[in-house]
Amino acid sequence: MFRHDFLLTYRTLLRYKTSFFINLIGLSTGLACMLLIYLWVSDELAIDKFHEKDSQLYQVMEHVDQAGSVITRKSTSGPTAEALAQEMPEVEFAVTTTYVGSHTLSVGEKDIKAEGMHVSADFFQLFSYDLLQGDKQQVLADKNAIVISEELAIRLFGTTDDVIGKVVEWQQEKSYQVSGVFSNVPSRSSVRFDFVLPFKAFWDENEWVTNWFNTMPQTFLLLREGTDIEQFNRKIEDLVREKTEGAANHRTPFATSFSQSYLYSQYENGVQSGGRIEYVKLFSIIALFILFIACINFMNLSTARASRRMKEVGIKKALGAQRKSLVVQYLGEAVLMTLFSLMVALLLVALFLPQFNEITEKQLDLHVNTSFMVPLLLILLLTGLIAGSYPALYLSNFNPAIVLKGKLNSAIGELWARKGLVVFQFTLSVILIVSVWVVYQQIKYVQTKNLGYDKDNIVLFGREGQLSENDKLESFLFEIRQLPGILEASSTEHDMTGHNGGTYGIEWTGKNPDDRTEFERVAVNYGVIEMLGISMKEGRSFSRDFVTDTAKIIFNEAAIEFMGFTDPVGKTVKLWGRDMEIVGVTRDFHFESFHEVVKPLFFYLAPQNTWNIMVKIEAGREQEVLAQLQQQYRIFNPGFSLDYRFLDEDYQALYVAEQRVSVLSRYFAGLAVLICCLGLFGLATFTAERRLKEIGIRKVLGASEWGIVYLLSGDFTRMVMIAILIALPLSYLLTAQWLESFAFRIDIKWWYFAGAGLVALLIAWFTVGLQTIKAARVNPVACLKEE
């Protein structure tokens, strides 16, 4: 029986080649999209899940009252981890880390850049980074120890063997002894680093980190099994307030799952509101939509050609076949069709996976193992059942007495079902087209809108080595200003692309004593404000002509508005207890992404606190100037390489997730429209074949070719128009919701929707027109003489 059904299915597929290839292309394309998105989603969901005790691993974060709202951040006080480990029985291990940064490591004459951070001694007991050499309980016990990755060991020593005990110089300032080697950090880790140093060394050299009122380090916990996290969070909150004697009531610390924080990183007013998980959901839905569109093609084409198979069904039923066996046969056809399509889809995935990895910045691959094969088989069966369910139930329901007489009257319900599926297809397509256009316009907006400062042709690099000394810094800046092609050079604490550091230490007359609003602080050298092209609204910038400018301060408009000043220039505020005179007010500029409102900010003149060097280069001379800059850097800072980046590229990196969504959504929307068109083409072909004699009679009676085209296209046009009317309000709601995540966003224009509808209509007309024009030009004699 199975062999008979298989042969019958195989012959059926060969007999209807047009339908077969339309279904093959549609289903394979839909399945390929599904598989690519499945690989990406699986990888996103697995980030940071490789740690052995993932369910017990938590990160301490803080909600901070800020200017009438609440911001959420990962930075904590330096003593937090140690206090929690000592005073909270729920804590098995507690670790403090700094943020990962780029540093110069030297061995002999070899100087290389590597990414590293300072971490507590229990780091390798809390996180599951595999140690190849060294004892995880002792590897960071000595504050002069360094633990390196196997890749870094090869870069420094040419081997991973016998490196324990060897000396590595850090920043050409301090020597550390290799105490361990760990496996390269897995690709599914959200934290990427090449080496770690003991946090004890950082603690000893930075007195501010010992203070409960200062925040910057990150705190991670391994909690004991069964810990009530809500109760534990209340205890953390009480602990911080106790240590700060109530002076930090604006800070509410809490512990959250470490691996979950990758996907759920976004907070609004202290409430978790999404993050990367939104894009995981978005593309999962898109994958299902595309696959369902392909399944609709199969349903429509299968039911549309029912008249060709009605006698087969009638004979089988007359010979005693049960409806159940017919359903199984037609579902088998659908599953076999899906199997063929899946084979093609796997080839497409293998072909396009490198390009997909480039777009997503992932390292995805096709591993044929249980974890991949089980979902693959489920996708195969579900797709086959969904695609074949309606055709199987429809075909198996034929009355043998009627169909053997050659009569098959299409029921109104069946016609409406087919039209409804086409409407649904194009509704999804129009929604995708509108969404793609809105995302594109928003990305274009954030890339082209005036930020309030000039980010173009500015090179940025960190101070290190001898340039950490103020006199060497000034000499270096003086020399490079003389280089042809360099318009200006200075130094700043801020990189202009996000929150770099803030303070509550601003005091002014009339300030609420309970207010703990954080002001963004920007230590600058002379000339930074002018080089960045930041406009002054009132007053002046810092100048060498005024020797007392180290006691002056410049605010942005948002800060002046928050403080309630009307004529700010000349007024005095206190910064960390020191009197500072306001000499200027800048216009607001965007130092964070457009997701954020412009926050209060101030500049103060403190060259000794600036850690980034900025150089403005003449447009068109970048390569020439950079070569000269590198030469001067080697002269002033021997042993260090110039690790520069462009400010405009750093700014673009703020929107890498949105840009990725924009690119991927364009591809997927295009594929969805293509699949819809394939289905529409198949239906148009079948309709033209079924109405061929009608077309011949109409032409004999004088109908024009364009009249025939209009007649055949009318139904499809109405279906697409209905789809457009349904899709436009839905697409408005979806795009408006997405735009709400931006504090600064485009206005949604009516022509976005009109354009998307017109594009869908033109594509449908073109697709249907190919067949209707061909049918309209048929010779009436040829189609009528068959009768």
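Let me sum up the structure you'll find in this document.

Thresholds applied
Residues numbered from 1 in each chain as written. Predicted model: local features only at pLDDT ≥ 70, side-chain atom pairs only at ≥ 80, totals over all residues. Heavy atoms only, no water. Helix = DSSP H or I, 4+ residues; strand = E, 2+ residues; numbered from the N terminus. Buried < 20%, exposed > 50% of the residue type's maximum accessible area, 1.4 Å probe, protein only. Contact = heavy atoms within 4.5 Å. Areas by Shrake-Rupley, 256 points an atom, 1.4 Å probe, with all protein chains shown as cover. Core = buried A, V, L, I, M, F, W, Y, C linked by side-chain atoms within 4.5 Å. Patch = residues over 30% accessible without salt bridge, like charges linked within 9 Å, V, L, I, M, F, W, Y side chains within 5 Å. Salt bridge = Lys/Arg side-chain N within 4 Å of Asp/Glu carboxyl O. Phe/Tyr/Trp six-rings, centres within 6.5 Å; stacked < 30°, edge-to-face > 60°. Lys NZ or Arg CZ within 6 Å of the ring centre and 35° of its normal. Pairing = 2+ DSSP bridges. 1 Å grid on protein atoms, 1.4 Å probe; cavity = no way out; pocket = protein on both sides within 12 Å on 5 of 7 lines; lining within 4 Å. Points joined across faces, edges and corners; volume = space filled by probe spheres on them. Nonpolar A, V, L, I, M, F, W, Y, C, P; charged D, E, K, R; others polar.

**With respect to the overall build of the protein chain**
Next, step 1: Looking only at helices and strands, the protein chain features 24 helices and 26 strands.
Next, step 2: Here the protein chain holds 787 residues, and the buried ones make up 52% of them.
Next, step 3: Within the protein chain, contacts between residues at least 6 apart in sequence are counted, and of these 78% link residues at least 24 apart.
Next, step 4: Of the roughly 36,300 Å² that the protein chain leaves accessible, carbon and sulfur atoms contribute 56%.

**Quick notes on the nonpolar core**
Next, step 1: Counting residues in hydrophobic clusters, the biggest one holds 113 residues, and the most contacted among them are Tyr453, Leu532, Phe603 and Phe668.
Next, step 2: Excluding residues within four positions of it along the chain, Phe668 makes contact with Cys33, Ile37, Phe283, Ile286, Ile290 and Phe356.
Next, step 3: Listed in part, the 21 residues of the second largest apolar core include Leu467, Ile480, Ile486 and Phe640.

**A few points about the side chain of Thr256**
Next, step 1: Following the sequence through the fold, Thr256 ends up in strand S12 (residues 251-257).
Next, step 2: On the accessibility criterion, Thr256 (18% relative accessible area) is buried.
Next, step 3: When residues no more than four places from it in sequence are discounted, the contact partners of Thr256 are Tyr58, Gln59, Met61 and Tyr267.

**Notes on the environment of Met88**
Next, step 1: One can find Met88 in the loop between helix H3 (80-87) and strand S3 (91-97).
Next, step 2: Relative accessible area serves as the criterion here: at 7%, Met88 is assigned to the buried category.
Next, step 3: Contacts of Met88, omitting those with residues within four sequence positions, involve Ala83, Phe232, Lys235, Ile236 and Leu239.

**Regarding a nonpolar patch on the surface**
Next, step 1: Together, Ile722, Ile726, Leu730, Tyr732 and Leu733 make up a nonpolar patch on the protein surface, roughly 460 Å² of accessible area in all.
Next, step 2: Following the sequence through the fold, Tyr732 ends up in helix H22 (residues 705-739).
Next, step 3: Judged by its relative accessible area of 41%, Tyr732 is partly exposed.

**Things to note about the packing of aromatic side chains**
Next, step 1: Applying the stated criterion across every chain, the model contains 45 aromatic pairs.
Next, step 2: Look at Phe283 and Phe668: their rings are 6.0 Å apart centre to centre, the planes differ by 65°, and that puts the pair in the edge-to-face class. Here Phe283 is found in helix H9 (residues 276-304), whereas its partner Phe668 is found in helix H20 (residues 656-690), with 385 residues between them in sequence.
Next, step 3: On the basis of relative accessibility, which here comes to 2%, the residue Phe283 falls in the buried class.
Next, step 4: Exposure remark for Phe668: the relative accessible area of 4% places this residue in the buried category.
Next, step 5: Note that Arg463 overlies the ring of Trp611, its terminal NZ or CZ placed 5.2 Å from the centroid.
Next, step 6: Residue placement shows Arg540 over the ring face of Phe546; its charged tip is 3.8 Å from the ring centre.

**Concerning the pairing of strand S15 (residues 458-462)**
Every other side chain in a regular strand lies on the same face of the sheet, so the side chains alternate between the two faces.
Next, step 1: For S15, the tally of buried residues reaches 4 of 5 residues, placing the bulk of the element in the interior.
Next, step 2: Pairing of S15 with strand S25 (residues 612-617), which is carried by 5 bridges, proceeds in the antiparallel orientation. Across the sheet, Leu460 pairs through a bridge with Met614, a residue of S25.
Next, step 3: As defined by bridge partners, S15 adjoins strand S26 (residues 645-646) across 2 bridges and the pair is classed as antiparallel. What sits directly across from Val459, in S26, is Phe646.

**Concerning empty space enclosed by the protein**
Next, step 1: Taken as a whole and assessed by the stated rule, the structure comprises 3 cavities of 30 Å³ or more.
Next, step 2: In this structure, the second largest cavity encloses a volume near 40 Å³.
Next, step 3: Lining the second largest cavity are Phe589, His590, Phe591, Glu592, Ser593, Glu596, Val597, Val598 and Lys599.
Next, step 4: The residue inventory of the lining of the second largest cavity, partitioned by class, reads 4 nonpolar, 2 polar and 3 charged.

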